[in-house]
Amino acid sequence: MNSFVNKLLCKGDVDESSGAELWDEDAVGLTHVGEAVHKVLARHHNNYHHKMWNVTRGKVVGSVHQTPMNVWGSSKDPKKNNDDWFPEKMAEIIGRTEKWCDIMSLGPPDGKFMTDFKAAIEKIAERSKTAEDTIIVRLLVGNIVGMPVNCTAVLKALTKDVPQDANMRVWVGAWRKGFSWNHAKLIAVDGVYLHTGGHNLWDQHYLKNNPVHDLSIELEGSVTRDGHRFANLQWEFIERNQRTCIGSCVDNMPDAMPTVLKTRVTVSEWPEGVADTFPPMFTKAVVAKTANYSRRNSTLEKDGVIDKGVPMITIGRLGTMVYRHRSADDAIIAMINSSQKIIRLVLQDIGPVTVPGTKRALPGLKWPKAYLAAIGEAIYQRGVDVEMVVSNPNSIPGGLKGTEANYGNGWSCVDVAAEIIKSIKKKHAEVDDGKLRAMVIDNLRICFLRHDKKGKYKDGKTIGLHSKHFIVDDVSTYIGSQNLYMCDLAEWGVVIDSEAEVKKIKEDYFDPMWADSYTGEDVDVEKVMDGLKIDRDGEQTWLEYIRQNDAQHMMPHGPSEYLCVDEVEVHAAAVGVQSAEKGEAPQDKADEADTEMDDTPTPTPVSSKEVEDSPEVDTTSSPEKTPENATKTNVDNEVKQDPTCGVLCGITDSMKLAECMNPVKASA
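Residues numbered from 1 in each chain as written. Predicted model: local features only at pLDDT ≥ 70, side-chain atom pairs only at ≥ 80, totals over all residues. Heavy atoms only, no water.

A word on the overall build of the protein. Helix and strand counts for the protein stand at 20 helices and 21 strands. A total accessible area of about 23,900 Å² is found for the protein, and carbon and sulfur atoms account for 51% of it. (Helix = DSSP H or I, 4+ residues; strand = E, 2+ residues; numbered from the N terminus. Areas by Shrake-Rupley, 256 points an atom, 1.4 Å probe, with all protein chains shown as cover.)

This paragraph deals with the pattern of salt bridges. What the rule picks out here adds up to 34 salt bridges. For K112, the salt bridge is made with E88, and the minimal N-O distance between the two is 3.1 Å. In this pair, K112 sits in helix α4 (residues 111–128) while E88 sits in helix α3 (residues 85–94), placing the two residues 24 residues apart along the sequence. Note that K129 is salt-bridged to E126, the shortest N-O span being 3.1 Å. (Salt bridge = Lys/Arg side-chain N within 4 Å of Asp/Glu carboxyl O.)

What follows covers the environment of V502. Among the secondary structure elements, V502 is positioned in helix α15 (residues 499–517). Along the backbone, V502 and Y478 are 24 residues apart, and their C-alpha atoms lie at a distance of 9.6 Å. Apart from residues lying up to four places away in sequence, V502 is in contact with I471, D474, V475, S476, T477 and I496. (Contact = heavy atoms within 4.5 Å.)

Let us now look at the packing of aromatic side chains. Any pair of aromatic rings gets described here by the distance separating the centres and the angle formed by the planes. With the rule as written, the count across this model stands at 10 aromatic pairs. The interplanar angle of 65° and the centroid separation of 5.4 Å between the aromatic rings of W175 and F237 together place this pair among those described as edge-to-face. Of the two residues, W175 sits in strand β5 (residues 168–177) while F237 sits in helix α7 (residues 223–242), which places them 62 residues apart along the sequence. When its relative accessible area of 0% is taken as the criterion, W175 is described as buried. We classify F237 as buried; its relative accessible area is 0%. Aromatic ring contacts, followed pair by pair, group W85, F86, F113 and Y206 into a single cluster. One cation-aromatic arrangement involves R96 over Y193; the distance from NZ or CZ to the ring centre is 4.6 Å. (Phe/Tyr/Trp six-rings, centres within 6.5 Å; stacked < 30°, edge-to-face > 60°. Buried < 20%, exposed > 50% of the residue type's maximum accessible area, 1.4 Å probe, protein only. Lys NZ or Arg CZ within 6 Å of the ring centre and 35° of its normal.)

Here we take up the pairing of strand β8 (residues 193–197). With five of five residues buried, β8 lies mostly within the body of the structure. Both faces of β8 are covered, namely the face carrying Y193, H195 and G197 and the face carrying L194 and T196. As paired elements, strand β7 (residues 186–189) and β8 share four bridges and run antiparallel to each other. Within β8, the residue paired with L186 across the bridge is T196. Taking the residues that link successive antiparallel strands as the turn, the β7-β8 hairpin has three residues, and the phi of D190 there is positive, at about 55°. Relative to strand β9 (residues 214–220), β8 runs antiparallel, the two being bridged by five bridges. (Pairing = 2+ DSSP bridges.)

Below, the discussion takes up unusual backbone geometry. Omega for the peptide link from T67 to P68 comes to -5°, which places this bond in the cis form. Here P68 lies in the loop between β2 (65–67) and α3. Of note in this structure, D473 is not a glycine but carries a positive phi near 55°. Tracing the backbone shows D473 in the loop between β17 (468–472) and β18 (476–480). Classification of D473 by relative accessible area gives buried; the value is 8%.

The next thing to look at is the packing of helix α2 (residues 32–44) against helix α11 (residues 327–337). Taken N-terminus to C-terminus, the directions of α2 and α11 make an angle of 145°; their axes are 8 Å apart at the nearest point. For the element pair α2 and α11, the recorded crossing hand is right-handed. In contact with V33, A36, V37, V40 and L41 of α2, α11 contributes S327, D330, A331, A334 and M335. Tallied by class, the residues present in the contact of α2 with α11 amount to eight nonpolar, one polar and one charged. (Axes fitted to C-alpha atoms, helices over the stretch in contact; angles between N-to-C directions. Left-handed = near helix turned anticlockwise from the far one by under 90°. Nonpolar A, V, L, I, M, F, W, Y, C, P; charged D, E, K, R; others polar.)

On to the confidence of the model for the protein, then. Per-residue confidence for the protein gives a mean pLDDT of 81; residues scoring 70 or more make up 75%. Overall, residues 544–559 carries pLDDT values under 50, and its contacts beyond four positions in sequence, including any with other chains, amount to 84 contacts. (pLDDT = per-residue confidence, 0-100.)

Moving on, we come to the packing of helix α13 (residues 413–427) against helix α14 (residues 433–442). In contact at an axis separation of 11 Å, α13 and α14 are set at 145° when each is read in the N-to-C sense. Between α13 and α14 lies a crossing whose hand is right-handed. Here I421, I424 and K425 of α13 come into contact with α14, specifically with D433, L436, M439 and V440. Counted by class, the contact of α13 with α14 contains five nonpolar, no polar and two charged residues.

It is worth spelling out the pairing of strand β4 (residues 135–142) at this point. Burial analysis of β4 places eight of its eight residues in the buried class, the great majority of the element. Here β4 shows two buried faces, one formed by I135, V137, L139 and V141 and the other by I136, R138, L140 and G142. Alignment of strand β3 (residues 100–105) against β4, held across six bridges, turns out to be parallel. Following the sheet pairing, W100 is matched in β4 by I136. Taken together, β3, α4 and β4 form a β-α-β motif whose crossover is right-handed. Direction of pairing for β4 relative to β5: parallel, over a ladder of eight bridges. The residue of β5 that forms the bridge with V141 is A174. The parallel pair β4 and β5 is bridged by helix α5 (residues 151–159), and the resulting crossover is right-handed. (Right-handed = clockwise from strand over helix to strand, strands pointing away.)

Quick look at the structure:
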């Protein structure tokens, strides 16, 4: 059965070892939370070690990057240009590149993000004049069904003022497989500097009026190499699929042209006619000679010993790119299961997207039963306290329309509390209502996001939240791209397993947010108990809903120059996945070009560091060059999505592909 359908049906991975259990030499000095995560990953996902997960170390740089800044304890709206520092900081990190830069996000940068990223690329180009080796820049985004990315347009915008003879190569790529695509957000530079978290690269969502709240973090050290390696997996997928006969045909089509393929990959290279069609793969040997790498080692050295920082565990997932493994999911559940005292969560939402105007999930979408059960067991079995902040439902930033941006999936805090308590009642049928009521009162505290106890900006618009962050027992924390509501995207994040660092993060972010947000009014125990019998899951399958509603579009979130709405792709993907759900053969031969990653267990060394520290070959030269891409049409009218990440965030009226192909000036 297709793994996306598996997730919709709430069927988890098979509980079996992926091979001989490994021992990671970095897995020392972990907290009880870190040990629980490592144990699960080492047993069930060891053949994806150093690919989708790793135990490593790193240094937290300064305070967490939260936007909007300077709002806690204030009843005033953020000032104009309040958060212009954020894209400038991201660009500054990119501009440090001496050899290798990976950038990953859900969609291409726009507005000030594009302006600042473009300046960073120009700074790298200037540095390349004296660089001994060619500098590599890889930008990878999601290719959302029905909204193909115009990689050529993005590339032209980034390199517009870069000399053709610059000693650097730039690639922009995008992919999807069924209803999976990239949702990870990271910047990794020279195996040394890392920026990751929940932020997308969209001007109107973060830099204009009524900005949505979000969280990212800057790190340094070995942890960065894991970001590069995760990017490798997706670039390898793009290359494998485009090298097929059908992949080559699709590559010669304009980026915005519709296809009926379950898998779609796109890549554009610069300089055209000079750079290879596909980028090389990262190895640590490539960056070992850079000044950045040398400076890192010298600054970490103390009394002749290199301090690599605090323990960190990188966790990722690839959606339907692989058949079964969802290592990040298992790691998150392990964190919750290890809790002994308190779990603090800051989430966009935990329930699926609702049918507008109702308290029912969109057809086929369900609540994340595994996460809810883990939280419920923590409360019931161990008396763990749970504090959760979620987005005000249907919050719209930047003066956008409700069909262009939508944070908060439509549930009340009572709904969330009821689903958690329902999971307890399901597993412990004998529990009496009095004990459940006591748990709601004593252990479960859920609230909407507020500034100074107010949930709205001055113009009456509610305050939105996009963070994906939680703290377990105040000793271990996750910051990354993965939502806890149901979706099957490619995600990546970092577990910082250090009580001292978690204390700083909690004081900088969670504590002031909680002080501003929690009033006790959002969860009424009687309403929770009355709501235990309500079925909040979607009814019919989501795929059938898409077919019946003329392939209405997923996640439209504001205009962009680099995305194009394509109904044909949405409908074709729905049909393809539905066929897989029924066990039917594909309706055409196109799917034969779809190359899935090998999910077969592979032997693992007794010490994983034998792999980590073994000499690596410098592979900066790509495989044999393939014929150059045909010139691609630059489509200027495209509709931007957010996403409330990976699942439907709203439904818009159907748009004809012809409308998309007509150039229209995108709004600022």
